[in-house]
Amino acid sequence: AMGFDLSDACSEAYEAIGSYLIRHGVTSYIGAIDSFEDEILSEAYAAAGDWMKEERPGARMLGLNMRGPFLNPAQAAYHNKEALKLPDIELYRKYQALSGGGIRIVNISPELEGAQKFVLALCDEVIIAMSNTAADFDTARWGYAFPQHAGVFLNGSWSDRRLNGYCKFCDAAL
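Presented here is an overview of the structure given in this document. (Residues numbered from 1 in each chain as written. Predicted model: local features only at pLDDT ≥ 70, side-chain atom pairs only at ≥ 80, totals over all residues. Heavy atoms only, no water.)

Among the structural elements, Q96 can be located in helix α3 (residues 89-98). Looking at Q96, its side chain comes within polar contact range of the main-chain nitrogen of G102, at 3.2 Å. Sequence-distant contacts of Q96, defined by excluding residues within four places in its chain, comprise G101, G102 and I103. (Helix = DSSP H or I, 4+ residues; strand = E, 2+ residues; numbered from the N terminus. Polar contact = N/O pair within 3.5 Å; in protein donor to acceptor, adjacent residues only side chain to side chain. Contact = heavy atoms within 4.5 Å.)

In this structure, P69 follows G68 across a cis peptide bond, with omega equal to 20°. Its location among the elements puts P69 in the loop between β2 (60-66) and α3. You will see that A9, though not glycine, has its phi angle at about 55°, which is positive. Along the polypeptide, A9 turns up in the segment before α1 (11-23). Take A9: its relative accessible area is 14%, and that puts it in the buried class. (Buried < 20%, exposed > 50% of the residue type's maximum accessible area, 1.4 Å probe, protein only.)

What follows is the structure, encoded as structure tokens:
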């Protein structure tokens, strides 16, 4: 918004975004941070985490959407392909710590090596959103199996099916 995004990691950006959103009727939001090199992401998560600690004028940032870097390069769209990585639990935890626990959503391409391990390890901590994916049917079906913990973002809409603590696709208790 207003020529800024959260990766700018500065008060000027956050103030401009919050002011723009409140003028358009948005009172709170989950800010998105896209795929960049580690240095930029580290700075962005730390700055956003600090920003969220205090109430400020404008729309309130309630949390963060980690929109990368765990995305399929073939489906990366505008994401920096050189910054994309395989799902990495420790890298997620690093950014989560830097943000003060502010990451609420992590976007991931479920067909990537390590994606299932990532989802199973983190689905109780954060919403996992399938994104920028070229997953085959079985892989996508697996990704849908965890909706009480994992949101699925496809074609601009969220899917939220309740399976009562049981994954009917992989025969696992959640």
